[in-house]
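# Examining the three-dimensional arrangement
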Amino acid sequence: VDEVTESLTRVSQIWSSFTFILGVLIVFRTNQAYARFWEGATLLQQVRGEWYNASSSLLAFTSAKPEMKQEVRNFERQFICLMSMLYCAGLQTVALVADDKMEIIDNTSIDPKALNFLRTGVDRCEVVLQW
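This report concerns the structure included in the present document. Please read these numbers as outputs of a predicted model, since none were measured by experiment. (Residues numbered from 1 in each chain as written. Predicted model: local features only at pLDDT ≥ 70, side-chain atom pairs only at ≥ 80, totals over all residues. Heavy atoms only, no water.)

## A closer look at the side chain of Ser55
Rules: For helices the rule is a DSSP run of H or I covering at least 4 residues; for strands it is a run of E covering at least 2, with both sets numbered from the N terminus onward. Only heavy atoms matter for contacts: two residues are in contact if any of them lie within 4.5 Å across the pair.
Take Ser55: it is sitting in helix H1 (residues 2-60). Excluding residues that lie within four positions of it along the chain, Ser55 makes contacts with Phe79 and Met83.

Spelled out as structure tokens, the structure:
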């Protein structure tokens, strides 16, 4: 009887140690995953903010001359389209969803051959940055 009790006590101690270590490992891994998620979300918002600031700064310095109004309007439309495409390409680089789920702002001013090249390109961010 003493041997059985001693054996059960040992098994109970081993089991308690195992569950404690397993619990610590699960908590540690969960905290690591949580921290990585929030770091990624923070960096993504930082990129969005930086690109927004760059875009608004560039558009703020466009010409206000009445004779250039149409040229400025075309430039603004093209620029916003390209920034939208750049942000979409950046999201597609890090996202795990299908590419057709993300929308861009009016790409009708971009040449269809260029869009096809972008669609089949390897590094879309670099392609849009070069445009």
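## Focus on the packing of H1 against helix H2 (residues 69-94)
Using the following cut-off: To obtain each axis, a line is fitted to C-alpha atoms, and for helices this fit is confined to the stretch in contact; angles are then taken between N-to-C directions over 0 to 180 degrees. Throughout, the term roughly parallel applies to angles under 35 degrees, roughly antiparallel to angles over 145, roughly perpendicular to angles from 65 to 115, and oblique to all others. The nonpolar class holds Ala, Val, Leu, Ile, Met, Phe, Trp, Tyr, Cys and Pro. Asp, Glu, Lys and Arg form the charged class, and all remaining residues, Gly among them, are polar.
For the pair H1 and H2, the least separation of the axes is 11 Å and the interaxial angle reads 170°. When the interaxial angle is binned, H1 and H2 end up roughly antiparallel. For the pair H1 and H2, the contacting residues are Leu44, Arg48, Trp51, Ser55, Leu58 and Leu59 in the first and Phe75, Glu76, Phe79, Ile80, Met83, Leu86, Tyr87 and Leu91 in the second. Its residues assigned to classes, the contact of H1 with H2 shows 11 nonpolar, one polar and two charged.

## Some details on the pattern of salt bridges
This is how the line gets drawn: Salt bridge, as used here: a side-chain nitrogen of Lys or Arg that lies within 4 Å of a carboxyl oxygen of Asp or Glu. We call a residue buried when its accessible area falls under 20% of the maximum for its residue type, exposed when it is over 50%, and partly exposed in between, using a 1.4 Å probe and counting protein chains only.
With the rule as written, the count across this model stands at two salt bridges. Between Arg10 and Glu6 there is a salt bridge, and its shortest N-O distance comes to 3.6 Å. Remark: Glu6 and Arg10 occur in helix H1; sequence separation between them is four residues, near one turn of the helix. A salt bridge links Arg73 to Glu76, with the nearest nitrogen and oxygen atoms 3.8 Å apart. Here the residue Arg73 and the residue Glu76 both occupy positions in helix H2, the gap between them amounting to three residues, near one helical turn. Arg73 sits in the partly exposed class, given a relative accessible area of 43%.

## Quick notes on the side chain of Ser84
Within the secondary structure, Ser84 is located in helix H2. Those residues within four positions of Ser84 in sequence are excluded, and the remaining contacts are Glu103, Ile104 and Ile105.

## Details of the nonpolar core
Note the following rule: Residues belong to a common nonpolar core when they are buried Ala, Val, Leu, Ile, Met, Phe, Trp, Tyr or Cys residues joined through side-chain atoms within 4.5 Å.
Grouped together as the largest cluster of nonpolar side chains are 13 residues, with contacts concentrated most on Met85, Leu86, Ile110, Leu118 and Val128. Contributing elements (two or more residues each) for this core: H2, helix H3 (112-120) and helix H4 (124-130). Among the elements that line this core, the one with the most residues is H2, at seven residues. Excluding anything up to four places from it in sequence, Ile110 contacts Gln78, Cys81, Leu82, Met85, Leu115 and Trp131.

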